[in-house]
Amino acid sequence: MNFDLADEQRLLRDAARDALARLDSVAGARDALDGAPLLDPWPTARAAGWTGLLVGEKDGGAGLDVFDAMLVLEECGRRLTGAGLIGHLAATRLLASAASRGDGGAAAVLPSLAAGDRCAAFVLARPPAADDMRWTVDAEGGGTRRAPLPTAQPGDGGDAVLVTGTAGYQLDAAGADLLVVPVVLDTGEHRAALVAADAAGLGIEATPRGDASRPIARVSLEGTPALLLDAGPDDLADVWDVVQALLAADALGVSEAMLDMGVAYAKDRHAFGRPIGSYQAIKHQLVEILRHVEATRSLCYYVGYAAQERPSDLPLASACARFAAEEAATYATRTCIAIHGGIGTTWEHDAPLFWRRAQLSRLLAGGVTGAGDRVATEIVKHARAQTGATATT
Amino acid sequence: MDLHDTPEQAAYRAEVRAWIEAHRHEAPPPTRGSHSADPEPYRRWQARLAEARLVGVTWPEEYGGAGLGPIEQLIVRSELRRAGCGGILDNIAVGIIGPTIIVRGSSEQQQRYLGPMLRGEEGWCQLFSEPAAGSDLAGVRTRARRTADGFSISGQKVWTTGAQHADFGLLLARTDPDVPKHQGLTMFLVPMRVPEVTVRPLRGMSGGASFNEVFFDDVPIGEDAVLGAVSGGWGVALTALMFERATLLGAFDEIGFSAERFAAPFAEYRELADAHLRQRLAQVTCGLLSLRYSGYRTLTALARGAVPGPEAALGKIGVIEAARQGCELIAELIGPDALEGDWGETAFNLPGLRSGGGTEEVLRNMVGERVLGLPPEPRIDKRTPFRELGRSPAGAGVPA
């Protein structure tokens with residue numbers, strides 16, 4: 001049994017922490033709320049090799065796994081940065097998978113994406129779950145509304161198609177050079193298609209909502225030329241799980257930052273003659289953040305284990321990590337603000353920026369409710385698969 | 001991240017599995033805890049397991065253990081469970097008291113007690129909590145007074161699991177009330193089957209007699225009953241509490257708190273039609289699965305030589321919370337029928353488990369101070385001689 005980071009993973013995490021510490025990204029998130037352009041972490045990501053993290057070595061990537069990417073995202077969450085990365089990692093994961101099966105279109109774009117010369121993003125398709133047995137995308141207008149997958153009509157022969165449809169609140173789509181889009185064919189088949197950002201009929205409209213640190217956009221396609229990829233429902237579902245896992249890691253980083261900030265303040269700030277962290281009322285809330293952080297980390301490790309050793313557990317593991325991580329980040333951010341009293345409620349303070357990040361993140365990519373539905377669906381499958389004996393012990 | 005056995009562990013697992021296959025016909029059915037009315041079959045089974053060195057797996061070989069690590073211990077437990085066999089009778093002895101005697105005891109004490117403990121021939125209990133000293137364990141008032149040839153024990157202990165089956169107890173008592181509370185304590189190994197000791201069962205909230213109160217009425221014991229040094233009892237208590245934390249590890253699934261068990265009624269009773277119940281099932285599932293994988297993280301650290309730390313207490317807080325939510329959820333799914341049988345027993349026990357092995361509040365204090373480094377609350381009793389503390393409901397700090 002080994003349930004700990006490997007030495008290389010520690011190095012990757014520490015290097016990410018060091019590299020991101022050089023960006024003034026927390027202040028940047030505040031400035032962006034006031035209209036300044038968001039500080040772009042892409043040069044850092046590219047220099048560190050994160051752009052090729054999930055691409056094989058022969059295509060110029062690092063050939064690493066989901067859990068390694070999660071370590072980088074955790075550090076991004078700590079520093080309220082990482083714009084572009086989740087969409088890019090998700091898209092390259094699918095393209096690498098398609099290329100490995102001999103898909104020429106995917107293979108052609110992988111090297112430039114791995115090198116970070118170009119940036120990709122993904123329109124995320126949600127697999128069927130207990131609350132909705134269709135494949136869907138997050139709809140514009142959001143909330144519990146879900147939209148069908150874009151449709152693909154035959155195009156100029158071969159794998160060329162024309163895609164029509166819309167999706168709301170898509171991570172990292174604005175600024176991407178390439179989009180991977182889930183489509184449903186006339187035959188009812190679900191596939192992924194590759195779209196260039198300058199393709200006719202493609203609209204990508206930035207739709208900032210509350211948190212400027214995480215760019216999201218409305219994506220619309222109107223007879224947009226695209227290239228069908230050799231990637232079907234299994235790949236789409238895999239990318240869904242990977243995005244859940246990356247968002248979970250990002251939220252874990254948010255919670256960790258809040259724990260550090262809250263503990264430091266509780267040791268320093270005095271009231272009634274002693275540090276406020278000595279009072280159980282404060283101490284117990286900080287321990288509750290720690291409990292959330294450690295539970296989330298263990299579920300992230302479960303994702304790492306599932307990805308490497310037990311792929312059939314990836315849907316459950318990634319949905320659990322996402323659900324727990326968003327709930328943790330919500331608790332950690334609001335508790336950290338409360339522990340700071342009045343100063344925590346000001347524009348100048350950092351904690352409210354983390355609160356904004358947590359508030360938006362929990363709504364994206366199916367949201368925390370969607371993650372909960374998937375956890376319930378998957379754990380009941382697991383319970384069914386176990387013997388009747390276990391069910392009745 | 002992997003859960004693979006190393007080649008050595010795989011060989012050990014095969015050996016353990018073969019032994020269990022050959023002997024399973026001798027095994028009594030699995031039981032939860034040591035609350036069975038008739039412990040004899042379990043005692044005999046523990047003796048057979050001990051012969052095969054499957055008890056005290058982490059104990060050094062010179063004390064009759066297998067000299068292996070926490071992973072091998074988990075292998076033994078999981079193989080017994082896989083075969084549908086009961087485990088050892090006396091987890092408190094083998095998991096907590098024995099290791100404490102190994103670290104803190106004299107060679108005479110080790111010689112005398114460890115062998116019969118491993119074989120289940122002599123049962124043990126842990127005599128720490130008192131009516132007026134629970135979270136504030138260092139405030140115990142049971143007195144050990146000097147006599148010509150040792151000590152005389154008088155006082156009362158409570159919430160003592162397994163006292164009705166115990167031949168001996170690990171007892172924390174006050175030897176010196178004239179110094180501050182932590183400094184006047186001594187740990188003893190005391191006989192339970194003597195006329196001066198009275199054990200009365202306490203009926204727990206689920207209805208079963210799960211623990212006891214124990215009265216000591218001038219129990220004479222020799223100098224050789226001191227474990228560690230006179231006045232060194234607090235340090236020995238901390239050693240025992242450290243081992244107690246380790247016994248919880250990886251055990252939640254085995255004692256019935258597995259995510260799959262709580263999801264099973266959804267598979268049996270009806271589909272996942274209700275959105276509200278789905279969200280709550282997700283919360284319970286995440287709580288319990290996080291504990292499973294936290295357990296693997298801690299086992300990995302322990303197998304590399306780490307000492308069981310206070311963060312294990314987070315697991316205890318978490319399992320109680322998740323299981324409580326889970327029981328409420330199951331009851332709403334199934335209806336009142338859920339309050340009878342297994343689910344009812346679990347549900348009716350849970351609020352009590354919140355206080356067992358340390359209240360949630362005292363555990364949060366410990367984690368906050370020792371893991372997060374937060375300052376402690378001011379403790380007015382820390383430097384005052386124990387005799388001068390007069391704030392307990394019983395009046396004086398110490399019986400005269």
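All of these numbers come straight from a predicted model, not from anything done at the bench. (Residues numbered from 1 in each chain as written. Chains lettered and ligands numbered in written order. Predicted model: local features only at pLDDT ≥ 70, side-chain atom pairs only at ≥ 80, totals over all residues.)

1. Things to note about the overall build of chain B
Thought 1: Broken down by element type, chain B carries 11 helices and eight strands.
Thought 2: Here chain B has a C-alpha radius of gyration of 22 Å; the compact-globule value for 400 residues is 21 Å, and the two agree.
Thought 3: Viewed in the frame of its principal axes, chain B has a C-alpha envelope of about 70 × 45 × 40 Å.
Thought 4: Taken over 400 residues, chain B has a buried fraction of 45%.
Thought 5: Restricting to contacts in chain B with at least 6 residues of sequence separation, those with at least 24 account for 72%. (Helix = DSSP H or I, 4+ residues; strand = E, 2+ residues; numbered from the N terminus. Rg over C-alpha atoms; globule rule 2.2 N^0.38 Å. Buried ≥ 20, exposed ≤ 12 C-beta atoms within 10 Å, placed from the backbone. Contact = placed C-beta atoms within 7 Å.)

2. Digging into the environment of Gly-342 of chain A
Residues and elements named next belong to chain A.
Thought 1: Note that Gly-342 resides in the loop between α9 (314-339) and α10 (351-361).
Thought 2: The exposure class of Gly-342 is exposed, given the 7 C-beta atoms found within 10 Å.
Thought 3: As for Gly-342 and Arg-291, which are separated by 51 residues in sequence, their C-alpha atoms are 25 Å apart.

3. A word on the domain arrangement of chain B
Thought 1: Domain annotation for chain B reports domain 1 (7-89), domain 2 (124-236) and domain 3 (248-358).
Thought 2: The C-alpha centroid of domain 3 of chain B is placed 33 Å from the C-alpha centroid of domain 2 of chain B. (Domains from an automatic or database assignment.)

4. Description of the pairing of strand β1 (residues 124-127) of chain B
Residues and elements named next belong to chain B.
Thought 1: Of the two faces of β1, the one carrying Trp-124 and Gln-126 and the one carrying Cys-125 and Leu-127 are both buried.
Thought 2: In terms of strand pairing, β1 meets strand β4 (residues 168-174) through four bridges, oriented parallel. Residue Cys-125 lies in a different strand from β4, and its bridge partner there is Gly-169. (Pairing = 2+ DSSP bridges.)

5. Remarks on the packing of helix α8 (residues 275-303) of chain B against helix α9 (residues 312-334) of chain B
Residues and elements named next belong to chain B.
Thought 1: Running from amino to carboxyl end, α8 crosses α9 at an angle of 150°, the nearest separation of the two axes being 9 Å. The angle between the axes of α8 and α9 places the two elements in the roughly antiparallel class. α8 and α9 meet at a crossing whose hand is left-handed. Contact residues: α8 offers Leu-277, Arg-280, Leu-281, Gln-283, Val-284, Gly-287, Leu-288, Leu-291, Ser-294 and Thr-298, while α9 offers Ala-312, Gly-315, Gly-318, Val-319, Glu-321, Ala-322, Gln-325, Gly-326, Leu-329, Glu-332 and Leu-333.
Thought 2: Across the contact of α8 with α9, the residue classes break down as 10 nonpolar, eight polar and three charged. (Axes fitted to C-alpha atoms, helices over the stretch in contact; angles between N-to-C directions. Parallel < 35°, antiparallel > 145°, perpendicular 65-115°, else oblique. Left-handed = near helix turned anticlockwise from the far one by under 90°. Nonpolar A, V, L, I, M, F, W, Y, C, P; charged D, E, K, R; others polar.)

6. Side note on the interface of chain B and chain A
Thought 1: The partner chain A presents 49 residues to the 45 residues of chain B that form the contact.
Thought 2: Top contributing element to the side of chain B that touches chain A by residue count: α8 of chain B, with 15 residues.
Thought 3: Partitioned by chemical class, the residues of the side of chain B that touches chain A number 26 nonpolar, nine polar and 10 charged.

7. Here's the deal with the pairing of β4 of chain B
All names here are of chain B.
Thought 1: For β4, a buried count of seven out of seven residues is recorded, marking the element as mostly surrounded by other parts of the structure.
Thought 2: Burial along β4 is two-sided: Phe-168, Leu-170, Leu-172 and Arg-174 facing one way and Gly-169, Leu-171 and Ala-173 facing the other are all buried.
Thought 3: Both β4 and strand β5 (residues 185-191) contribute to a ladder of seven bridges, which runs antiparallel. Residue pairing for β5: Leu-170 is matched across the bridge by Leu-189.

8. Describing the domain arrangement of chain A
When the parts come together, some accessible area is lost, and that loss is often what is quoted as the size of the interface.
Residue and element names in this part refer to chain A.
Thought 1: Once the domains are mapped, chain A shows domain 1 (7-118), domain 2 (122-231) and domain 3 (235-387).
Thought 2: The interface of domain 1 with domain 2 comprises 23 residues on the first partner and 20 residues on the second.
Thought 3: Counting residues per element, the ones that place at least two in the side of domain 1 that touches domain 2 are α2 (25-33), α5 (85-100) and α6 (104-115).
Thought 4: Of the residues forming the side of domain 1 that touches domain 2, the biggest block, nine residues, is contributed by α5.
Thought 5: Among the residues making up the side of domain 1 that touches domain 2, the classes are represented as 14 nonpolar, six polar and three charged.

9. A word on the confidence of the model for chain A
Thought 1: Here chain A averages 95 in pLDDT, while 98% of its residues score no lower than 70.
Thought 2: Note on residues 389-393 of chain A: pLDDT is under 50 here. Beyond four places in sequence and across chains, it has nine contacts. (pLDDT = per-residue confidence, 0-100.)

10. Quick notes on the nonpolar core
Thought 1: Counting 249 residues, the largest nonpolar core has Ala-193, Leu-299, Val-303 and Cys-320 of chain A as its most contacted members.
Thought 2: At 20 residues, the largest contribution of residues to this core is made by helix α7 (residues 233-268) of chain A.
Thought 3: Setting aside anything within four residues of it in sequence, one finds Cys-320 of chain A in contact with Leu-299, Tyr-302 and Val-375 of chain A together with Thr-285, Cys-286 and Leu-289 of chain B. (Core = buried A, V, L, I, M, F, W, Y, C linked by C-beta atoms within 7 Å.)

11. Let's talk about α10 of chain A
All names here are of chain A.
Thought 1: When you tally the buried positions in α10, you get nine out of 11 residues, the bulk of the element.
Thought 2: All of the buried residues in α10 are Ala-351, Pro-352, Leu-353, Phe-354, Trp-355, Arg-356, Arg-357, Ala-358 and Ser-361.
Thought 3: In this structure, the buried side of α10 is in contact with α2, α7 and α9.

12. A few points about unusual backbone geometry
Thought 1: The backbone of Phe-272 of chain A sits at a positive phi, close to 55°, despite the residue not being glycine.
Thought 2: Along the chain, the position of Phe-272 of chain A falls in the loop between β10 (270-271) and β11 (274-275).
Thought 3: Take Phe-272 of chain A: there are 7 C-beta atoms within 10 Å of it, and that puts it in the exposed class.
Thought 4: In this structure, Ser-231 of chain B takes a positive phi of about 75° despite not being glycine.
Thought 5: Tracing the backbone shows Ser-231 of chain B in the loop between β8 (226-227) and α6 (233-247).
Thought 6: For Ser-231 of chain B, a count of 17 C-beta atoms within 10 Å translates into the label partly exposed.

13. Considerations on α2 of chain A
For an α-helix the count is 3.6 residues per turn, leaving residues at separations of three or four pointing the same way.
Residues and elements named next belong to chain A.
Thought 1: Turning to α2, its buried residues are Ser-25, Gly-28, Ala-29 and Ala-32. Projected down its long axis, α2 shows its buried positions confined to an angular sector of 105°, all on one face.
Thought 2: Of the surrounding secondary structure, the elements contacted by the buried residues of α2 are α1 (7-21) and α10.
Thought 3: Directly after α2, the chain includes Gly-35, whose backbone phi takes a positive value near 105°. (Arc of directions from axis to C-beta.)

14. Details of the packing of α7 of chain A against helix α8 (residues 280-309) of chain A
Residue and element names in this part refer to chain A.
Thought 1: In the contact formed by α7 and α8, the axes pass within 10 Å of each other and the chain directions differ by 155°. Regarding the angle of α7 to α8, the classification is roughly antiparallel. Along this stretch, α7 crosses α8, giving a crossing that reads as left-handed. Contacts between α7 and α8 pair Ala-245, Ala-248, Ala-249, Leu-252, Ser-255, Glu-256, Met-258, Leu-259, Gly-262, Val-263 and Ala-266 from the former with Ile-282, Leu-286, Ile-289, Leu-290, His-292, Val-293, Thr-296, Arg-297, Cys-300 and Val-303 from the latter.

15. Considering the confidence of the model for chain B
All names here are of chain B.
Thought 1: Here chain B averages 90 in pLDDT, while 95% of its residues score no lower than 70.
Thought 2: Considering only residues more than four positions removed or in separate chains, one finds that residues 393-400, a stretch of pLDDT under 50, has 15 contacts.
Thought 3: Quick note on the complex model: pTM equals 0.95, ipTM equals 0.96.

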